[in-house]
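# Results of the structural survey
The lines below spell out each chain.
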Amino acid sequence: MSDVHLSNGAARRLWLERHGLFYSPTGPLDVPQIGHALGFVQLDSIRHVERAHDHILWSRNQSYRAGGLDKHLQERDFFEHFTHDASLIPMRFLPMWQRQFQRHAEKIVQAGWWKNMPDEEGRAALKARIAREGPLSTKDFESEGPRPKAMWHRPAHKLGLDYMWYAGELATSYREKFIKYYDLAERIFPEDLRGVRLSHDEQIDWLCRAALERLGFASSGEIQRFWGACSATEVKTWLSTHQGALMSVSIELADKSVAQGWALPSIEQRLAKLGAPSQFMRLLNPFDPTIRDRKRTERLFGFSYRNEIFVPEAQRQWGYYVYPLLEGERFVGRVLLRADRKAGSLHIMRLWPEDGVRWGTERERKWQAEFRRFARFAGLEPVSS
């Protein structure tokens, strides 16, 4: 075991490189490669300007167009399942996801609000209909009784479909207007991948290594939270077992304090290859994986960010859907936008430079260029004021 010290600048640069935000978002577009590098792409139903998953891909390569990820789901480059939230996961990772299917099934069986789920015979009937008719959504089924919107009052058929989806018996065939269409897993998951059987320890080893590779450096908790597919105890046991083959890392944080973490031996080669990051200004989505761990974002960048979508309006500091602005290796501001789809326009409602950031002519030029690019991506006309 060797020690590596990361200055705050090096830590920021490595983190951004690992998340595809180090270089300019240009060049040939390879959506499966981006998904593989990130590990997963989080899905979100909210379409503020564009859906989060489309925006995340666009931030890495601005040749991407909204809806492109749907095509790759249908081409089976990805499968949909649950990390910390609904996500598209590279299909090649399926063998390492089998224990996650099992873990979710066990959690559901133990959860009281699933008690109205159809029994095994009832679920078999749901599957039989999908087998006969092809992919179906929850709207294609009916359950008796009232249908309150609360999670624990979801219709019985919805609970049954979701249970089988979490357990890996059903899979997402496609989404239409973000509505999920379920199909039999054997018609979605390639046979050669379904046939691979890895032990729980082999799956945990892959999940921990793959998380650490994508994080660059991380604490035990950060490794665990990356996929949400291992318990804290499992990750700590893995670190204890493999620490001799890992690098011990000290990381300088934005406030000059030092944190301890772990990295794969390849960290030194990665650091040696890093030059200066692109000074491109990027409008990031609130669900972007780079800022998903708000504590890590604040510790590394000194950037305090909170997604206020679910905060009561009177308690919001910034606004309903505020976008962070990244320039090089520094968060320089945040902006509130409004899409007027009837008028076909995108408006800047308010922009807040970060404390200590001078918003001069050159920075404004970069921002306006990114705003125009984002408006074109959304098919809207940019209106600055």
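Given the structure is predicted, the values throughout are model-derived calculations rather than measurements.

Another aspect to go through is the overall build of the protein. In terms of regular secondary structure, the protein is built from 15 helices and 13 strands. Its C-alpha atoms give the protein a radius of gyration of 22 Å, within 12% of the compact-globule value 21 Å for 385 residues. Counting only C-alpha atoms, the protein reaches 65 × 60 × 40 Å along its principal axes. Out of the 385 residues belonging to the protein, those deemed buried represent 53%. For the protein, the proportion of contacts with a sequence separation of at least 24, taken over those separated by at least 6, is 63%. As displayed, the protein has an accessible area near 18100 Å², and 49% of this comes from carbon and sulfur atoms. Both charge centroids of the protein, one from 57 positive and one from 49 negative side chains, sit 4 Å from each other.

Take the pairing of strand S11 (residues 330–340) next. As paired elements, strand S10 (residues 322–327) and S11 share 6 bridges and run antiparallel to each other. If you follow tyrosine 323 over to S11, its bridge partner there is valine 335. Between the end of S10 and the start of S11, which pair antiparallel, lie 2 residues, with glycine 328 showing a positive phi angle near 60 degrees. Sheet topology note: the S11/strand S12 (residues 345–353) ladder contains 8 bridges and is antiparallel. Directly across from aspartate 340, in S12, lies its bridge partner serine 345. In this antiparallel pair of consecutive strands, S11 and S12, the connection spans 4 residues, and glycine 344 shows a positive phi of 70 degrees.

Moving on: the packing of aromatic side chains. Tallied over the entire structure, the rule returns 25 aromatic pairs. Aromatic side chains tryptophan 58 and phenylalanine 374 sit 5.5 Å apart centroid to centroid with 55 degrees between the ring planes, which places their arrangement in the tilted category. On the criterion of sequence distance, the pair formed by tryptophan 58 in helix H3 (residues 52–60) and phenylalanine 374 in helix H15 (residues 361–377) is long-range, its members being 316 residues apart. Relative accessible area serves as the criterion here: at 0%, phenylalanine 374 is assigned to the buried category. Ring geometry for tryptophan 206 and tryptophan 227: centres 5.6 Å apart, planes at 35 degrees, overall tilted. Here tryptophan 206 is found in helix H10 (residues 200–215), whereas its partner tryptophan 227 is found in helix H11 (residues 220–227), with 21 residues between them in sequence. Ring pairing ties together the aromatic residues Phe40, Phe93, Trp97, Trp206, Phe226 and Trp227, which thus form one cluster. The ring centre of phenylalanine 178 lies 4.3 Å from the NZ or CZ of arginine 175, which sits over that ring.

This part is about the nonpolar core. Counting residues in each nonpolar core, the largest one holds 59 residues, and the members touching the most others are Leu6, Phe189, Ile223 and Trp227. The greatest single-element share of this core, amounting to 7 residues, is contributed by H10. When near neighbours in sequence (up to four residues on either side) are disregarded, isoleucine 223 contacts Cys208, Ala211, Leu212, Leu215, Ala218, Val235 and Leu239.

Here the focus is the packing of helix H6 (residues 120–133) against helix H7 (residues 156–166). Closest axis-to-axis distance for the H6/H7 pair is 10 Å, and the angle between their directions is 75 degrees. With respect to their mutual orientation, H6 and H7 come out roughly perpendicular. Residues Arg123, Leu126, Lys127 and Ile130 of H6 form the contact with H7, whose own contacting residues are His157, Gly160, Leu161, Tyr163 and Met164. Partitioned by chemical class, the residues of the contact of H6 with H7 number 5 nonpolar, 2 polar and 2 charged.

Here we come to the pattern of salt bridges. Tallied over the full model, the rule gives 22 salt bridges. Of the charged contacts, one joins arginine 13 and glutamate 329 as a salt bridge, the two residues approaching to 3.2 Å between their closest N and O atoms. Within this pair, whereas arginine 13 is found in helix H1 (residues 8–18), its partner glutamate 329 is found in the loop between S10 and S11, the two being separated by 316 residues in sequence. Between arginine 187 and aspartate 183 there is a salt bridge, with the nearest N and O atoms lying 2.8 Å from each other. Arginine 187 gets classed as partly exposed once you look at its relative accessible area, which sits at 38%. Taking relative accessible area as the criterion, aspartate 183 reaches 6% and is therefore assigned buried.

Rules used in this analysis
- Residues numbered from 1 in each chain as written.
- Predicted model: local features only at pLDDT ≥ 70, side-chain atom pairs only at ≥ 80, totals over all residues.
- Heavy atoms only, no water.
- Helix = DSSP H or I, 4+ residues; strand = E, 2+ residues; numbered from the N terminus.
- Rg over C-alpha atoms; globule rule 2.2 N^0.38 Å.
- Buried < 20%, exposed > 50% of the residue type's maximum accessible area, 1.4 Å probe, protein only.
- Contact = heavy atoms within 4.5 Å.
- Areas by Shrake-Rupley, 256 points an atom, 1.4 Å probe, with all protein chains shown as cover.
- Lys, Arg positive; Asp, Glu negative; His and termini not counted.
- Charge placed at Lys NZ, Arg CZ, Asp CG, Glu CD.
- Pairing = 2+ DSSP bridges.
- Phe/Tyr/Trp six-rings, centres within 6.5 Å; stacked < 30°, edge-to-face > 60°.
- Lys NZ or Arg CZ within 6 Å of the ring centre and 35° of its normal.
- Core = buried A, V, L, I, M, F, W, Y, C linked by side-chain atoms within 4.5 Å.
- Axes fitted to C-alpha atoms, helices over the stretch in contact; angles between N-to-C directions.
- Parallel < 35°, antiparallel > 145°, perpendicular 65-115°, else oblique.
- Nonpolar A, V, L, I, M, F, W, Y, C, P; charged D, E, K, R; others polar.
- Salt bridge = Lys/Arg side-chain N within 4 Å of Asp/Glu carboxyl O.

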